[in-house]
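As a plain string of letters, each chain reads:
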Amino acid sequence: MMPKLAQTQPRIPTDLAPAIGALCKVAADLSHLISRGALGGALGANVGENTDGDTQKALDVMADEAFFAALRGTGVRWYASEERDAVAGLDPDGALALAIDPLDGSSNIDVNVSIGTIFAIQPAQDDAEATFLRDGHALRAAGYFIYGPQTALVISFGAGVRRFVLDRESGGFEETPDIPSIPDTASEFAINASNYRHWSKPIRAYIDDCLAGADGPRGKNFNMRWVASLVAETHRIMSRGGIFLYPADQRAGYAQGRLRLVYECLPIAFLIEQAGGKATTGTRRILDCVPDHLHARTPFVFGTADKVDRVTSYHDLPEQEVSALFGNRGLFRA
Ligand SMILES: O=P(O)(O)OC[C@H]1O[C@](O)(COP(=O)(O)O)[C@@H](O)[C@@H]1O
Ligand SMILES: [Mg+2]
Ligand SMILES: [Mg+2]
């Protein structure tokens, strides 16, 4: 049975409704499976590698297969998944194309920390791959499911962001009355600081100044978070603001950071902008970026608009300023 998507306002575009309904059905099933933990099987077991050499967990593959099967007959012609080498065909007459990270944050499966699913929908073109090698302005909708203490759907059709929570009693997703928008008051940053020594000077300088707190040029203290689930970080920033950074770094394979444009960054950037925030590569708006291949990666910075702008401004500083200890950097950034 298709779970009910109870909307407070009937604003889901009619042609997208069958695909969104199918995504909700699979997400409700996954939520149940994930909540059973080890009782549901070895969901976090390594089962192989995807096209980029990332380890695939059992749940990555199960989620991918379940979404693919459920989307048949919903008007989706092309299905591009982080877990597949190439675009897969669904309905030959479908007008839509769906990009998906079926299971985001898979290192957290076994440790009972929030994980998610990220997706974006755009018009299908005749060429499967070319459909997805377009900038983010082609998107009709983007969203994520978060499987945490609550299972929720956060989605945008390009006119603000909407949030639905899975009601385990009814089995449907119920829309919550509040409209998510990113507060500008937060003092939290999220970055995997274990990579500090590999970052560029502007990223190091930005984080140095956050860490210097009230004694540094920013003149205030910050808090840090790192969940290692992009969906969980996005959900927190949607709720209480802050900034997320996964920059490029000097490790082999990280010249463009870690996160994928098609399956992760374009959908999240679409949502973040719709919630009043900003999303960039550090210097360039993500929605303007055109992936040069299906699994292209990009540095990713998003969150409260003025914080994201500040990161960009660090890239404009002269060499002697980014290299200086924080006490010697210009105070214009405070
Ligand atoms: O382990 P790291 O390098 O901190 O990376 C964490 C990032 O990797 C991801 O887990 C990548 O997503 P997948 O689990 O879909 O591969 C993001 O959710 C998260 O932001
Ligand atoms: Mg992911
Ligand atoms: Mg994934």
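Residues numbered from 1 in each chain as written. Chains lettered and ligands numbered in written order. Predicted model: local features only at pLDDT ≥ 70, side-chain atom pairs only at ≥ 80, totals over all residues. Heavy atoms only, no water.

Looking up the protein chain in an unreviewed UniProt entry gives the name Fructose-1,6-bisphosphatase class 1, with the organism given as Allgaiera indica. What UniProt states about the protein chain under its Sequence similarities (unreviewed entry) heading is, verbatim, "Belongs to the FBPase class 1 family." The record in UniProt for the protein chain states the following under Catalytic activity (unreviewed entry): "beta-D-fructose 1,6-bisphosphate + H2O = beta-D-fructose 6-phosphate + phosphate". (UniProt positions renumbered as here; feature names shortened; annotations may be inferred.)

All of the protein donors around the magnesium ion (ligand 2) are D101 (OD), D104 (OD) and E264 (OE); their distances to the metal are 1.9 to 2.1 Å. All donors of the magnesium ion (ligand 2) belong to a single chain; written as a sequence motif, their spacing is D-x2-D-x159-E. The distance between the magnesium ion (ligand 2) and the magnesium ion (ligand 3) comes to 3.7 Å, with D101 serving as a donor to both metals. The same class applies to D101 and to D104, which are both buried. (Donors = N, O, S within 2.8 Å, 3.2 Å for Na, K, Ca; no water. Buried < 20%, exposed > 50% of the residue type's maximum accessible area, 1.4 Å probe, protein only.)

Scanning the model with the defined rule gives 0 disulfides in all. Between C289, a cysteine without a disulfide, and C265, which holds the nearest cysteine sulfur, the sulfur-to-sulfur distance is 9.0 Å. (Disulfide = S-S within 2.5 Å.)

By the element assignment, T283 lies in the loop between β16 (278-280) and β17 (297-298). On a C-alpha basis, the gap between T283 and D309 in space is 8.6 Å, while along the polypeptide they are 26 residues apart. (Helix = DSSP H or I, 4+ residues; strand = E, 2+ residues; numbered from the N terminus.)

Turning our eyes to something else, we now look at empty space enclosed by the protein. Tallying each qualifying case throughout the model produces 1 cavity of 30 Å³ or more. The computed volume of the largest cavity comes to approximately 60 Å³. Contributions of two or more residues to the lining of the largest cavity are made by β7 (115-123) and α6 (261-274). Per-element tally for the lining of the largest cavity: the top contributor is α6, with 3 residues. Across the lining of the largest cavity, the residue classes tally to 7 nonpolar, 2 polar and 2 charged. Both domains that meet at the lining of the largest cavity, namely domain 1 (5-175) and domain 2 (188-333), each give it at least three residues. (1 Å grid on protein atoms, 1.4 Å probe; cavity = no way out; pocket = protein on both sides within 12 Å on 5 of 7 lines; lining within 4 Å. Points joined across faces, edges and corners; volume = space filled by probe spheres on them. Nonpolar A, V, L, I, M, F, W, Y, C, P; charged D, E, K, R; others polar. Domains from an automatic or database assignment.)

Let us now look at the layout of surface pockets. In this model, the largest pocket occupies a volume close to 480 Å³. Residue lining of the largest pocket: 29 residues in total, with G105, S106, S107, A228 and R258 positioned closest to the centre. If you list the elements that add at least two residues to the lining of the largest pocket, you get β3 (55-57), β6 (96-104), α5 (230-240), β14 (243-246) and β15 (259-260). The leading source of residues in the lining of the largest pocket is β6, at 3 residues. Of the residues belonging to the lining of the largest pocket, the class tally is 8 nonpolar, 9 polar and 12 charged. When we break the lining of the largest pocket down by domain, the ones giving at least three residues each are domain 1 (5-175) and domain 2 (188-333). The volume enclosed by the second largest pocket comes to roughly 300 Å³.

The tally for this structure, following the rule as stated, stands at 10 aromatic pairs. Pairing F244 with F302 gives two aromatic rings, centres 4.9 Å apart and planes at 25 degrees, and the pair type is stacked. Taken together, the residues F244 in strand β14 and F302 in strand β18 (residues 300-303) connect sequence positions 58 residues apart. Looking at F244, the relative accessible area reads 2%, which means it is buried. Here F302 falls in the buried class, since its relative accessible area comes to 0%. Through a chain of ring-to-ring contacts, three or more aromatic side chains come together here, namely W226, F244, Y246, F300 and F302. The ring of F68 is capped by R84, whose NZ or CZ atom sits 4.3 Å from the centre of that ring. One Lys or Arg, R251, reaches over the ring of Y254 and ends 3.6 Å from the middle of that ring. (Phe/Tyr/Trp six-rings, centres within 6.5 Å; stacked < 30°, edge-to-face > 60°. Lys NZ or Arg CZ within 6 Å of the ring centre and 35° of its normal.)

Time to look at the site of ligand 1. Around ligand 1 there are 16 residues in total, and D104, N192, L230, Y246 and R258 lie nearest to it. One of the side-chain N or O atoms of D104 is found 2.7 Å from an oxygen atom in ligand 1. Between ligand 1 and the protein, one listed contact pairs an oxygen atom with a side-chain N or O atom of N192 at 2.8 Å. Protein chains shield 88% of the accessible area of ligand 1, which is 480 Å² for the free molecule. Comparing atom positions with the cavity grids shows ligand 1 to sit within the largest pocket. (Near = heavy atom within 4 Å. Polar contact = N/O pair within 3.5 Å; in protein donor to acceptor, adjacent residues only side chain to side chain. Areas by Shrake-Rupley, 256 points an atom, 1.4 Å probe, with all protein chains shown as cover. Sits in = over half its atoms within 2 Å of the grid points.)

Listed under "binding site: Mg(2+) 2" (unreviewed entry) in the UniProt record, and renumbered for this structure, are D101, D104 and E264. Across 164 residues, the annotated set stays spatially compact, with a maximum C-alpha separation of 8.6 Å. From the set just named, the residues that line the largest pocket comprise D101, D104 and E264. Tracing the chain through its elements places D101 in strand β6. A residue is classified by how much of its surface remains accessible, and D101, at 1% relative accessible area, is buried. Residues in contact with D101, not counting those within four places in the same chain, are E82, G116, T117, I118, Y263 and E264. Here E264 lies in helix α6. (Contact = heavy atoms within 4.5 Å.)

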